[in-house]
Amino acid sequence: MLDAGHIPQHVAIVMDGNGRWADKRMLPKMAGHNAGMKAMKEIVKCADQLGVKYLTVYAFSTENWKRSVEEVSGIFKLIVIYVDSELKELHGNNVNVSILGDYSMLPKDSVQRLGYAIETTKNNTGLRFNIALNYGGRDEISRAVKSIAEEAKAGTLELPDINEDTISSRLWTGSHHADIPDPELIIRTSNEMRLSNFLLWQSAYSEFVFTQTLWPDFTPDEFKRCIMEFQERKRRFGGR
Ligand code: IPE
Ligand code: IPE
Ligand code: MG
């Protein structure tokens with residue numbers, strides 16, 4: 001049974017397996033991404049209902065630019081279609097939509113549509129729904145280091161004052177941008193046991209749940225089972 005009193009505050013998901021889902025059905029890759037968007041829609045609702053405070057989904061990595069122009073632009077289009085069509089309901093449910101990653105590199109109309117969704121929902125106090133878009137953990141840490149170096153050079157930050165918090169605060173999840181706690185639980189679908197550059201710094205003490213399900217087949221019931229598995233874990237954080 002799911003323990004309603006012990007729901008993780010922040011759940012992050014590597015939504016993987018859209019391509020294989022489409023291949024299995026001899027459909028084009030975009031059909032997989034489309035089905036994946038539908039699965040995501042249900043998980044956002046379920047997370048909200050369960051009382052998850054932060055849900056982060058990996059939608060596009062800094063490495064995903066290696067894919068064909070058609071696939072890349074198709075994925076961006078789908079994300080915008082999702083945000084556009086769901087915005088009213090998300091806003092109505094007090095959901096706060098945000099992006100982790102530099103999405104300014106996306107096509108102009110996508111940037112504008114996403115900006116509108118962020119602006120519309122910015123004062124909402126319910127579920128914070130983070131879309132990791134053009135996100136890479138190494139890129140994020142490099143940017144933090146650069147911003148710290150700039151401040152040190154300008155003399156506004158002294159070397160002895162640089163510590164873990166200095167770095168954390170400058171990540172996309174950090175207080176300079178967002179103030180999102182580290183994820184307690186990271187789920188990855190499609191039977192791949194790796195992070196693929198997702199939340200490298202923030203995952204230091206996250207619990208991982210891997211499932212064989214391809215992302216488009218991932219359901220709210222399975223999401224709940226992943227949380228149940230998390231609830232059985234003993235977290236020690238290096239202590240006894
Ligand atoms: C995940 O599905 C979605 C993105 C990376 C954007 P994939 O497209 O990676 O699916 P597989 O791994 O090829 O099955
Ligand atoms: C991770 O999946 C990125 C997203 C889900 C957006 P990939 O399919 O890109 O990861 P690899 O290439 O299998 O490591
Ligand atoms: Mg993949």
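Residues numbered from 1 in each chain as written. Chains lettered and ligands numbered in written order. Predicted model: local features only at pLDDT ≥ 70, side-chain atom pairs only at ≥ 80, totals over all residues. Heavy atoms only, no water.

Novice: Account for the packing of helix H3 (residues 69–92) against helix H4 (residues 108–121), with residues named and values stated.
Specialist: Relative to each other, H3 and H4 sit at 20°, their axes nearing to 10 Å. Judged by the inter-axis angle, H3 sits roughly parallel to H4. Between H3 and H4 lies a crossing of left-handed hand. Residues Phe76, Ile79, Val80, Val83, Asp84, Leu87 and His91 of H3 lie in contact with H4, whose contacting residues are Ser110, Arg113, Leu114, Tyr116, Ala117, Thr120 and Thr121. Its residues assigned to classes, the contact of H3 with H4 shows eight nonpolar, four polar and two charged. (Axes fitted to C-alpha atoms, helices over the stretch in contact; angles between N-to-C directions. Helix = DSSP H or I, 4+ residues; strand = E, 2+ residues; numbered from the N terminus. Parallel < 35°, antiparallel > 145°, perpendicular 65-115°, else oblique. Left-handed = near helix turned anticlockwise from the far one by under 90°. Contact = heavy atoms within 4.5 Å. Nonpolar A, V, L, I, M, F, W, Y, C, P; charged D, E, K, R; others polar.)

Novice: Please provide a residue-by-residue account of the site of ligand 1, values included.
Specialist: Taken together, Met15, Asp16, Gly17, Asn18, Gly19, Arg20, His33, Ala59, Asn64, Arg67 and Ile75 make up all the residues around ligand 1. At 2.7 Å from an oxygen atom of ligand 1 is found a side-chain nitrogen or oxygen belonging to arginine 67. Starting from 380 Å² of accessible surface for ligand 1 in isolation, the protein chains cover 83%. When the residues that make up the shell around ligand 1 are grouped by side-chain class, the tally is three nonpolar, five polar and three charged. (Near = heavy atom within 4 Å. Polar contact = N/O pair within 3.5 Å; in protein donor to acceptor, adjacent residues only side chain to side chain. Areas by Shrake-Rupley, 256 points an atom, 1.4 Å probe, with all protein chains shown as cover.)

Novice: Residues and numbers for the nonpolar core, please.
Specialist: Of all hydrophobic cores here, the largest spans 46 residues; its most connected members are Ile13, Met40, Leu55, Phe129, Ile131, Leu133 and Phe223. Among the elements that take part in this core, H3 stands out by supplying nine residues, more than any other. The residues touching leucine 55, leaving out its near neighbours within four places in the chain, are His10, Val11, Ile13, Ile43, Val44, Ala47, Leu127, Arg128, Phe129, Asn130 and Phe223. Core analysis: the second largest hydrophobic core is formed by 13 residues, Tyr54, Trp172, Ile180 and Phe198 among them. (Core = buried A, V, L, I, M, F, W, Y, C linked by side-chain atoms within 4.5 Å. Buried < 20%, exposed > 50% of the residue type's maximum accessible area, 1.4 Å probe, protein only.)

Novice: Lay out H3 in plain terms, naming residues and giving numbers.
Specialist: Between its first and last C-alpha atoms H3 spans 35 Å; for 24 residues at 1.5 Å apiece the expected length is 34 Å, and the two agree. The sharpest bend along H3 reaches about 55° and sits at glutamate 86. After H3 finishes, the residue asparagine 94 shows a positive phi value of roughly 70°. (Expected span 1.5 Å × (residues − 1). Bend = angle between axes of the 7 residues up to and from the residue.)

Novice: So what's going on with the side chain of serine 98? Which residues, and what values?
Specialist: As for its placement among the helices and strands, serine 98 is situated in strand E3 (residues 96–100). We classify serine 98 as buried; its relative accessible area is 6%. Here asparagine 130 takes part through its side chain, which lies 2.6 Å from a polar atom of the side chain of serine 98. Once residues within four sequence positions are removed from consideration, serine 98 is found in contact with Ile118, Arg128, Phe129, Asn130 and Ile131.

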